[in-house]
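As a plain string of letters, each chain reads:
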Amino acid sequence: MRKDFLVFGQPLLEQEELEEVLDTVKSAWLGTGPKVHLFEKQFADYKGVEHTAATNSCTAALHLACLGHELGDGDEVITTPTTFCATVNAIIHSGARPVLADIDPTTLNIDVKEIEKKITSKTKALLVVHFAGRPCDMEAIVDLARSRKLKVIEDCAHAIETEYRGQKVGTIGDMGCFSFYATKNITTGEGGMIVCRDKSALLRIKTLALHGLSCDAWSRFSDSGYRHYFVEEAGFKYNMMDLQAAIGIHQLRKIDEYWQRRQKIWNRYMEAFADLPIGLPPLIEKDTRHAYHLFTIRINPDNAGMSRDDFLEAMTERNIGVGVHYMSIPEHPYYQRAFSWKAEDFPEACAFGRETVSLPISPKLNEQDTEDVIDAVRSIILQGAKI
Ligand SMILES: *Cc1c(COP(=O)(O)O)cnc(C)c1O
């Protein structure tokens with residue numbers, strides 16, 4: 001058994017990031033400034049778009065995307081029950097009402113047939129999540145949204161590198177929101193980004209992200225001279241800092257290298273677990289690029305001979321950190337109280353959430369780490385299956 005605990009989702013940070021952070025500290029410009037602007041430009045180039053806005057989280061980006069589409073009181077937004085709570089909370093904080101549509105059990109993404117059933121005269125937008133890094137069925141989603149005059153917001157927290165039939169996710173709907181949280185494919189510690197085709201909508205989002213001010217601090221205090229600012233709207237404090245962008249600039253340069261490392265681990269796991277009585281992630285769809293953010297297995301007690309929670313515990317005992325992405329949204333008491341949702345009303349998301357386990361798949365894993373994960377999974381399952 002390995003001696004040290006393998007932390008789930010650890011980022012790989014190297015010398016370049018360290019030096020850039022040091023340079024930022026020495027420059028004494030910590031807040032939003034030249035490095036954030038550079039990171040926004042780099043990310044725009046990566047996505048092949050003109051306009052991006054960096055934020056201090058994807059949660060903030062999702063909230064701003066909802067506000068940017070003027071969603072609010074009386075509106076409904078359809079989203080998936082298999083996501084992080086931030087997706088749903090962003091809708092709630094905009095004033096709109098979240099409506100859930102169950103997932104497709106094969107792809108684990110929102111099921112377009114279920115979306116259709118949930119559309120009412122109040123529906124204004126669809127907030128879709130590219131779960132684990134696999135793109136949603138964007139052609140069907142965009143067609144449906146156009147025919148019903150709905151906006152499409154893409155939660156791309158798992159999906160920075162994801163492509164769908166030649167298009168980069170986040171640029172297919174009306175807005176795309178990205179996360180650079182510590183466990184995501186690239187990181188700034190905390191951080192997010194909004195991609196948007198409509199320049200005026202993006203400028204409004206930038207204003208809302210910084211108190212509703214007419215210009216940011218870098219423009220106010222730079223050597224071009226003092227400029228007065230005016231409050232145009234009651235905004236938020238959602239801006240990214242140069243200290244965060246300093247890390248992001250170098251992470252983004254290594255995005256393809258990291259993607260290749262995770263792809264290798266993914267393929268190794270697929271091969272090593274093929275004969276076990278557990279569920280494996282869906283196969284990669286043709287004409288798409290998967291971002292390999294989460295490697296999710298399913299522990300169904302009838303097949304595996306043990307419960308999901310017993311498996312989690314056994315992995316931890318073997319010094320392997322694991323995750324659960326996600327118990328379905330209606331499992332949480334707040335949403336049950338606020339919306340009278342029951343987990344069983346979304347049977348596919350409910351079953352997945354009760355059986356799923358995420359295994360470590362970070363570029364930080366070396367070959368020994370990967371083999372340690374494989375040994376632990378194989379021996380726990382093979383023992384359990386005998387009982
Ligand atoms: C991580 C995550 C978020 C929130 O991202 P933050 O940057 O931590 O705010 C939103 N949606 C999904 C699907 C996520 O995984």
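Predicted, not measured: the structure shown is a model, and the values here were computed from it. (Residues numbered from 1 in each chain as written. Predicted model: local features only at pLDDT ≥ 70, side-chain atom pairs only at ≥ 80, totals over all residues. Heavy atoms only, no water.)

(A) Seen up close, the overall build of the chain. Secondary structure summary: the chain contains 15 helices and twelve strands in total. What you see for the chain is a C-alpha radius of gyration of 21 Å, in line with the 21 Å of a compact globule of 387 residues. Expressed as lengths along the three principal axes of its C-alpha atoms, the size of the chain is roughly 75 × 55 × 40 Å. Here the chain holds 387 residues, and the buried ones make up 57% of them. When the accessible area of the chain is evaluated, it comes to approximately 17000 Å², of which 52% is carbon and sulfur surface. Charge centroids of the chain, computed over 44 positive and 55 negative side chains, lie 2 Å from each other. (Helix = DSSP H or I, 4+ residues; strand = E, 2+ residues; numbered from the N terminus. Rg over C-alpha atoms; globule rule 2.2 N^0.38 Å. Buried < 20%, exposed > 50% of the residue type's maximum accessible area, 1.4 Å probe, protein only. Areas by Shrake-Rupley, 256 points an atom, 1.4 Å probe, with all protein chains shown as cover. Lys, Arg positive; Asp, Glu negative; His and termini not counted. Charge placed at Lys NZ, Arg CZ, Asp CG, Glu CD.)

(B) Structural detail: the domain arrangement of the chain. Assigned domains of the chain: these are domain 1 (15-253) and domain 2 (256-386). Placing the centre of domain 1 and that of domain 2 at their C-alpha centroids yields a distance of 26 Å. Residue-level contacts link 41 residues of domain 1 with 33 residues of domain 2. Where domain 1 abuts domain 2, roughly 3000 Å² becomes buried across the two surfaces, and 60% of that area is made up of carbon and sulfur atoms. Linking domain 1 with domain 2 are two salt bridges, by the criterion used here. Glutamate 285 serves as the salt-bridge partner of arginine 134, at 3.7 Å between the closest nitrogen and oxygen. Elements with a contribution of two residues or more to the side of domain 1 that touches domain 2: α4 (85-94), β3 (97-100) and β6 (163-164). By residue class, the composition of the side of domain 1 that touches domain 2 is 19 nonpolar, 13 polar and nine charged. (Domains from an automatic or database assignment. Contact = heavy atoms within 4.5 Å. Buried area = accessible area lost by both parts, 1.4 Å probe. Salt bridge = Lys/Arg side-chain N within 4 Å of Asp/Glu carboxyl O. Nonpolar A, V, L, I, M, F, W, Y, C, P; charged D, E, K, R; others polar.)

(C) Highlighting the site of the ligand. Around the ligand sit 15 residues in total, of which Thr59, Asp155, His158, Ser179 and Lys184 are the nearest. Between the ligand and the protein, one listed contact pairs a nitrogen atom with a side-chain N or O atom of aspartate 155 at 2.8 Å. Protein chains bury 94% of the 380 Å² of accessible surface belonging to the ligand in isolation. For the shell around the ligand, a count of residues per class yields six nonpolar, seven polar and two charged. (Near = heavy atom within 4 Å. Polar contact = N/O pair within 3.5 Å; in protein donor to acceptor, adjacent residues only side chain to side chain.)

(D) Molecular detail of the environment of phenylalanine 8. For phenylalanine 8, the position within the fold is in the segment before α1 (15-27). Between the C-alpha atoms of phenylalanine 8 and leucine 365, which are 357 residues apart in sequence, the distance is 9.9 Å. In this structure, phenylalanine 8 is in contact with Leu294, Gly321, Val322, Gly323, His325, Ser358, Leu359 and Pro360, ignoring residues within four places of it in sequence.

(E) Region of the structure containing the sheet that holds strand β10 (residues 288-289). In spatial order, the strands read β7-β6-β10; together these three strands make up an open sheet with antiparallel pairing. Each of the sheet's edge strands pairs with one partner strand only, and the pair in question is β7 (167-168) and β10. (Pairing = 2+ DSSP bridges.)

(F) Region of interest: the side chain of glutamate 355. Residue placement: glutamate 355 occurs in helix α14 (residues 347-355). For glutamate 355, a relative accessible area of 14% corresponds to the buried category. With residues up to four places along the chain from it excluded, the contact list for glutamate 355 reads Ile297, Arg298, Ile299, Asn300 and Arg308.

(G) Fine view of the sheet that holds strand β4 (residues 123-129). With mixed pairing, seven strands are arranged side by side in an open sheet as β1-β9-β8-β5-β4-β2-β3. For this open sheet the edge positions go to β1 (52-55) and β3, each flanked by a neighbour on one side alone. The mean inter-strand angle of the sheet, taken between neighbouring strand axes irrespective of direction, is 20 degrees. Two elements, β4 and strand β5 (residues 151-155), share five bridges in a ladder whose sense is parallel. Paired with alanine 125 across the two strands is lysine 151, which belongs to β5. Lying over the sheet, helix α2 (residues 34-47) contacts β1, β8 (175-179) and β9 (192-196), oriented at roughly 130 degrees with respect to β1. Its contacts with the sheet put helix α7 (residues 199-209) on β1, β8 and β9, and the angle it makes with β1 is roughly 20 degrees. (Axes fitted to C-alpha atoms, helices over the stretch in contact; angles between N-to-C directions.)

(H) Structural view of α4. Along α4, the positions that sit buried rather than exposed are Ala86, Thr87, Val88, Ala90, Ile91 and Ser94. Here the buried face of α4 lies against α3 (58-68), β2 (76-79), β3, β4, β5 and α13 (333-339).

(I) Main features of the environment of threonine 80. On the secondary structure map, threonine 80 appears in the loop between β2 and α4. Through-space distance from the C-alpha of threonine 80 to that of aspartate 372 is 33 Å; in sequence the pair is 292 residues apart. Setting aside anything within four residues of it in sequence, one finds threonine 80 in contact with Leu100, Ala101, Ile103, Ile110, Leu127, Val129 and Ile329.

(J) Structural context of α2. Look at α2: 20 Å from first C-alpha to last across 14 residues, which is about the 20 Å you get at 1.5 Å a residue. Regarding α2, the residues found buried are Lys35, Val36, Phe39, Glu40, Gln42, Phe43, Ala44, Tyr46 and Lys47. (Expected span 1.5 Å × (residues − 1).)

(K) Looking closely at unusual backbone geometry. Note the cis peptide between histidine 325 and tyrosine 326, where omega equals 0 degrees. Inspection of the secondary structure assignment puts tyrosine 326 in the loop between α12 (308-317) and α13. In this structure, leucine 108 takes a positive phi of about 70 degrees despite not being glycine. Mapped onto the fold, leucine 108 is located in the loop between β3 and α5 (112-118). Phi angles above zero are rare outside glycine, and tyrosine 292 is one such case at about 45 degrees.

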